[in-house]
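Residue-level structural notes
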Amino acid sequence: MIRLIEKTPCEALLPVTCGALTLREIVGDRVTSVAPLKGQGAKLATALKKLGLGWPAPNTAIASATAAILWTGRDQAFLIGADPEGLDGLAALTDQSDGWARMRLEGPGAADVLARLVPLDLRGFAPGQAARSQLGHMMAILTAPEKGSFDIMVFRSMAETAVHEIHHAMKAVSARAAL
Amino acid sequence: MRITCPLCGDRDRREFYYYGDAVYADRPAEGAAPEAWDAYLHLRDNPAGETRDLWYHEMGCSAWIEVTRNTVTHAVLATRLLAERGQTGEGGPSGEGEPKPRRKGKPE
């Protein structure tokens, strides 16, 4: 039998560091797309509360100590780091764990780096917020683990492009800071 | 140019895909007169002023949005989710949702 080698989306690409800025990969969490079935919204919210979360309003994220749920579009959220227990029959569930490259950008000026790639003002972006926008030409999901740091999700197939673009912007921002 | 997505808020125009006149959301009912289909498919006004058209928040929340804007001043006057127009509408103008026979069907 062919031996398959498990690789993370950003293997051999990350981490990268530029001055005080770092970009590293986040791996291992289970990612489930949760799309409420018709008329099941209230029951779904209750079931998610049992997981210590809830149904996120547009542009928000709800986090517990071990898991999070991010609003990712109209009638769609991503459950991250938890098994979708008790959600059967209430929502269309899709395992997307291997479909996304997840990375964290940290350090002073992280918002300036993303300002070069994302058409949003992220200077005040804080925990509890989630944004669906574009990173260069890639669809992306953004959240803030803390103010000034960013968790970025892009399609796994675009991991190399995303790392390249973010790294390029990191280099430019650190070069300016060094002037 | 910025468009206010009813879900995401003010967003850059780059995040949106332009579809066309809002009339595309009012597909004639099955068996409608050929004149109604002709109007639906081909007849468009070209107003200097207020117009309504469909935009897709492609790089954002994936919602179809009906935008009322002014072609002279470029002001975006109003936006709403296409799904909120009909009682049962769920999908985009490609007919994913329930049919909405609200078209007047009169050639312009």
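Residues numbered from 1 in each chain as written. Chains lettered and ligands numbered in written order. Predicted model: local features only at pLDDT ≥ 70, side-chain atom pairs only at ≥ 80, totals over all residues. Heavy atoms only, no water.

A few words on the domain arrangement of chain A. Residue and element names in this part refer to chain A. Domain annotation for chain A reports domain 1 (16-28 + 98-178) and domain 2 (31-95). The interface is formed by 9 residues belonging to domain 1 together with 10 residues belonging to domain 2. For the pairing of domain 1 and domain 2, the buried interface totals around 800 Å² over both sides, and the portion due to carbon and sulfur atoms is 66%. Interface area lost by domain 1 to domain 2 is led by G128, A130 and R132, which between them contribute 47%. Where domain 1 packs against domain 2, one counts 3 residue pairs in polar contact (both at pLDDT 80 or more). Its residues assigned to classes, the side of domain 1 that touches domain 2 shows 4 nonpolar, 3 polar and 2 charged. (Domains from an automatic or database assignment. Contact = heavy atoms within 4.5 Å. Buried area = accessible area lost by both parts, 1.4 Å probe. Polar contact = N/O pair within 3.5 Å; in protein donor to acceptor, adjacent residues only side chain to side chain. Nonpolar A, V, L, I, M, F, W, Y, C, P; charged D, E, K, R; others polar.)

With that settled, consider the interface of chain A and chain B. The interface of chain A with chain B comprises 15 residues on the first partner and 15 residues on the second. Counting each side, the surface lost to burial between chain A and chain B is near 1300 Å², with a carbon and sulfur contribution of 52%. Its largest share of buried area at the contact with chain B, chain A owes to R74, P119 and Q134 of chain A, together 42% of the area lost on that side. Our enumeration of links across chain A and chain B arrives at 0 salt bridges. Taken together, chain A and chain B are joined by 6 residue pairs in polar contact (both at pLDDT 80 or more). Breaking the side of chain A that touches chain B down by element, the ones donating at least two residues are β5 (68-73), β9 (130-135) and β10 (138-143) of chain A. With 4 residues, β9 of chain A is the largest single contributor of residues to the side of chain A that touches chain B. Tallied by class, the residues present in the side of chain A that touches chain B amount to 7 nonpolar, 5 polar and 3 charged. (Salt bridge = Lys/Arg side-chain N within 4 Å of Asp/Glu carboxyl O. Helix = DSSP H or I, 4+ residues; strand = E, 2+ residues; numbered from the N terminus.)

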